[in-house]
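# Structural overview
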Amino acid sequence: MIAKILVADDEKAIGDIVKFNLEKEGFEAELCFDGEECIKLIKENSYQLILLDIMMPKKDGFEVLKEIRPDYKMPIIILTAKEDEEDKITGLELGADDYIIKPFSMRELIARVKANLRRIDFNGEQDLNEIIETDGLSIDLSKYEVRKNGEIINLTLREFELLKHLALNSGQVFTREHLLENVWGYEYFGDIRTVDVTVRRLREKIETPDEDFKYILTKRGVGYYFRRE
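Residue indices follow the written sequence of each chain, beginning from 1 at its first position. The model is predicted, so local features are restricted to residues of pLDDT at least 70 and side-chain atom pairs to those at 80 or more, both for listing and for counting; the totals for chains, interfaces and linings are taken over all residues. Excluding hydrogens and water, the side-chain figures rest on all heavy atoms present in the structure.

### Some details on the overall build of the protein
Counting from the N terminus, the helices are the DSSP runs of H or I reaching at least four residues and the strands are the DSSP runs of E reaching at least two. If you tally the helices and strands in the protein, you get 8 helices and 12 strands. Its C-alpha radius of gyration of 18 Å places the protein within 12% of the 17 Å reference for a compact globule of 229 residues. C-alpha atoms of the protein, sized along the principal axes, occupy 55 × 35 × 30 Å. Burial here depends on accessible area, computed with a 1.4 Å probe over protein chains only, as a share of the maximum for the residue type. Under 20% is buried, over 50% is exposed, and the range in between is partly exposed. Taking all 229 residues of the protein together, the buried fraction comes to 48%. Note on contacts: a residue pair is in contact if any heavy atoms of the two residues lie within 4.5 Å. Counting contacts in the protein only where the partners sit at least 6 residues apart, residues at least 24 apart contribute 60% of the total. In these tables, accessible area is a Shrake-Rupley quantity obtained with a 1.4 Å probe, and a residue counts as shielded only by the protein chains included in the view. Of the roughly 11,200 Å² of accessible surface on the protein, 47% is carried by carbon and sulfur atoms. In this tally, Lys and Arg are treated as positive and Asp and Glu as negative; His is ignored, and so are the chain termini. A charge is said to be at NZ when it belongs to Lys, at CZ for Arg, at CG for Asp and at CD for Glu. Placing the 35 positive and 48 negative side-chain charges of the protein at their respective mean positions leaves the two points 2 Å apart. For the radius of gyration, the atom set is restricted to C-alpha positions; the globular benchmark scales as 2.2 Å times the number of residues to the power 0.38.

### What to know about the sheet that holds strand E4 (residues 76-80)
Pairing between strands is defined by DSSP: at least two bridges between the two strands are required. On the basis of which strands lie adjacent, the open sheet formed by 5 strands has the order E2-E1-E3-E4-E5 and parallel pairing. Looking at which strands have only one partner, the edges of the open sheet turn out to be strand E2 (28-32) and strand E5 (98-101). Adjacent strand axes in the sheet meet at a mean angle of 20 degrees when their direction is disregarded. As judged from the 4 bridges shared by E4 and E5, these two strands associate in the parallel manner. Where helices are involved, their axes are fitted lines through C-alpha atoms of the stretch in contact, as for all axes, and angles between N-to-C directions lie from 0 to 180°.

### Quick notes on the environment of Glu-63
As for its position among the elements, Glu-63 is in helix H3 (residues 61-68). Taking the C-alpha atoms as reference points, Glu-63 and Glu-204, 141 residues apart in sequence, are found 21 Å from one another.

### Quick look at the packing of helix H4 (residues 85-93) against helix H8 (residues 193-206)
Where H4 meets H8, the axes come as close as 9 Å, and the angle between the chain directions of the two elements is 40 degrees. As judged from the angle between their axes, H4 and H8 are oblique. Helix-helix and strand crossings are classified by hand; for H4 and H8 the assignment is right-handed. Contact residues: Glu-85, Lys-88, Ile-89, Leu-92 and Glu-93 in H4; Arg-193, Thr-194, Val-197, Arg-200 and Arg-201 in H8. Polar here means any residue other than Ala, Val, Leu, Ile, Met, Phe, Trp, Tyr, Cys and Pro, which are nonpolar, and Asp, Glu, Lys and Arg, which are charged; Gly is therefore polar. Tallied by class, residues from the contact of H4 with H8 come to 3 nonpolar, 1 polar and 6 charged. Here the angle decides the label: under 35 degrees means roughly parallel, over 145 means roughly antiparallel, 65 to 115 means roughly perpendicular, and every other value means oblique. Each crossing gets its hand from how the near helix is turned against the far one by less than a right angle, where anticlockwise is left-handed and clockwise is right-handed.

### Concerning the domain arrangement of the protein
Where each domain begins and ends follows an automated or database-derived domain assignment. The assigned domain composition of the protein is domain 1 (4-122) and domain 2 (131-226). For domain 1 and domain 2, the distance between their C-alpha centroids amounts to 23 Å. Between domain 1 and domain 2, the residue contacts involve 23 residues of the former and 20 residues of the latter. The term salt bridge refers to a pairing of a side-chain nitrogen on Lys or Arg with a carboxyl oxygen on Asp or Glu at a separation within 4 Å. Joining domain 1 to domain 2, the criterion identifies 1 salt bridge. Linking Arg-200 and Glu-93 is a salt bridge whose minimum nitrogen-to-oxygen distance equals 2.4 Å. We define a polar contact as two N or O atoms separated by no more than 3.5 Å, with the added condition that, inside protein, one atom must be a possible hydrogen donor and the other a possible acceptor, whereas residues neighbouring each other in sequence contribute only through side-chain atom pairs. Run the count over domain 1 and domain 2 and you get 6 residue pairs in polar contact (both at pLDDT 80 or more). A breakdown of the residues in the side of domain 1 that touches domain 2 according to their chemical character gives 9 nonpolar, 2 polar and 12 charged.

### Re the pattern of salt bridges
What the rule picks out here adds up to 22 salt bridges. Across the pair Lys-205 and Glu-159 runs a salt bridge, and its minimum N-O distance is 2.8 Å. Placement of the pair is Lys-205 in helix H8 and Glu-159 in helix H6 (residues 157-168), with a sequence separation of 46 residues. On the basis of relative accessible area, Glu-159 is assigned to the buried category, the value being 1%. Beyond isolated ion pairs, a larger network of salt bridges with shared partners links Asp-9, Glu-11, Asp-53 and Lys-102.

Listed below in structure tokens is the structure:
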């Protein structure tokens, strides 16, 4: 199945170039130019990935993320001309999987898109049928479903992939660079702060507030690991 990608950017010239290059790589691409139209198209169609500009009319990229992220798990890559650290972190905390700073090269964009799509199986086949259970947390690898004490925890695809990678290798400490390469799927373009923000979001969802972390632990100066039973 061909991956269908929505490109949301109010600069038509940029949108046209991105669409052309995505289609040249064999993807199906659609364009929209404001936040409201973006939300409408996402609700009416099935996309495997969203390229989302922050500075758009009607609703900006942050507002779009707030509205769609609770119900949609596809990878979302922010396209932004804003280099301020807070904007990057805000996007990631709202559920974006990645961000690219404008101006960007098409080589970098295509590499990010392919990396974020690499783990999605469009045929619906699953590579694992295992359920990992530990201390009230259940990770169903075939259903991409996480439950804590029986209640479903809503994770993004990237959050789930990170949790899966750590849980399948419980007790093993991974550096941020390793996680970026093996969970996000790229080595040269990534920012290790993306890993820290995603770990923080994941902990907020699966850990118990005001208690010590039970599942994802930090090895100071090294990286992260999933607690072994």
